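# Structural features, examined
Each chain, written out:
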Amino acid sequence: MIWRTEIPYKVNYFTWLLAKQAVLTHENLNKRKPNLRSICYLCEEQVETVNHLFLHCKWIDQLWQMFIQKRKIKWTKPRSIIEVLQFWNRDGNAGKNEKRWRIVPACIWWTIWKERNQRCFEGKQNNIQKIKTNCLGIYYFWCKQVVIGDAENVFNIIDGL
Ligand SMILES: [Zn+2]
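Keep in mind that what you see is a predicted model, and the values were worked out from it rather than measured.

This brings us to the coordination of the zinc ion. The zinc ion binds to the protein through Cys40 (SG), Cys43 (SG), His52 (NE2) and Cys57 (SG), with metal-donor distances spanning 2.1 to 2.3 Å. Coordination at the zinc ion is tetrahedral, judged from the four donor atoms that bind it and the angles of 105 to 115° they form at the metal. Of note, the zinc ion draws all its donor residues from one chain, in the sequence arrangement C-x2-C-x8-H-x4-C. For the pair shown, His52 and Cys57 are each scored as buried.

Here Thr111 lies in helix H7 (residues 104–122). Of the residues examined, Thr111 reaches a relative accessible area of 3% and is grouped as buried.

This next bit is on the nonpolar core. Of all hydrophobic cores here, the largest spans 45 residues; its most connected members are Phe54, Trp64, Ile81, Trp88, Trp109 and Trp142. Secondary-structure elements contributing two or more residues to this core are helix H1 (9–19), helix H3 (50–56), helix H4 (58–71), helix H5 (81–89), H7 and helix H8 (128–146). Here the element with the most residues in this core is H7; it accounts for eight residues. Discounting chain neighbours no more than four positions away, the residues touching Trp142 are Ile7, Pro8, Val11, Ile103, Ala106, Cys107 and Trp110.

Here we take up H1. Taken together, the buried positions of H1 are occupied by Val11, Asn12, Phe14, Thr15, Leu17, Leu18 and Ala19. One or two positions beyond H1, positive phi appears at Gln21, with a value near 60°.

Inspection of the entire model under this criterion finds five salt bridges. When the shortest N-O distance is used, the salt bridge between Glu45 and Lys58 registers 2.9 Å. You can see Glu45 sitting in the loop between helix H2 (26–32) and H3 and its partner Lys58 sitting in helix H4, a full 13 residues away along the chain. Residue classification places Lys58 among the partly exposed positions, given a relative accessible area of 44%.

On to the environment of Phe87. Looking at the element boundaries, Phe87 is found in helix H5. Judged by its relative accessible area of 7%, Phe87 is buried. For the pair formed by Phe87 and Thr76, sequence separation is 11 residues and the distance between their alpha carbons is 9.5 Å.

Definitions and cut-offs
Residues numbered from 1 in each chain as written. Predicted model: local features only at pLDDT ≥ 70, side-chain atom pairs only at ≥ 80, totals over all residues. Heavy atoms only, no water. Donors = N, O, S within 2.8 Å, 3.2 Å for Na, K, Ca; no water. Tetrahedral: all angles 85-135°; square planar, octahedral: opposite > 155°, others 65-115°. Buried < 20%, exposed > 50% of the residue type's maximum accessible area, 1.4 Å probe, protein only. Helix = DSSP H or I, 4+ residues; strand = E, 2+ residues; numbered from the N terminus. Core = buried A, V, L, I, M, F, W, Y, C linked by side-chain atoms within 4.5 Å. Contact = heavy atoms within 4.5 Å. Salt bridge = Lys/Arg side-chain N within 4 Å of Asp/Glu carboxyl O.

Listed below in structure tokens is the structure:
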């Protein structure tokens, strides 16, 4: 499910690490070095675990909703990264523009991971509107790579979800 998408190699690799729960969030760092500050950089309310940051944080939830609402499909909160990938690729959910639909989870995760690292290492934060725009920008950019030579503008691509 991961390798079949046509997104940058490093993002594919990152998604694979996520699926294996091996991304270096506090949860995973704490296994090596206990007592690090472990609050989520986005909501600053919950402990930063892979599942929190990439599935349940109220910030990432807005990104999920942004895409889910376009398809009017029923989204029950998945319990793991693997479950998201299974849900996302299920027949009926993928629908039209299947290739583009498949890259959405990686777009969301990559957006959140970049924002999280920017907050963590540079002390800079974007508001939710800017994060959504970043996510759509990444989606648009990757779609352009998937459909090479296609002159669609960003609105067509997002409307075509
Ligand atoms: Zn959070």
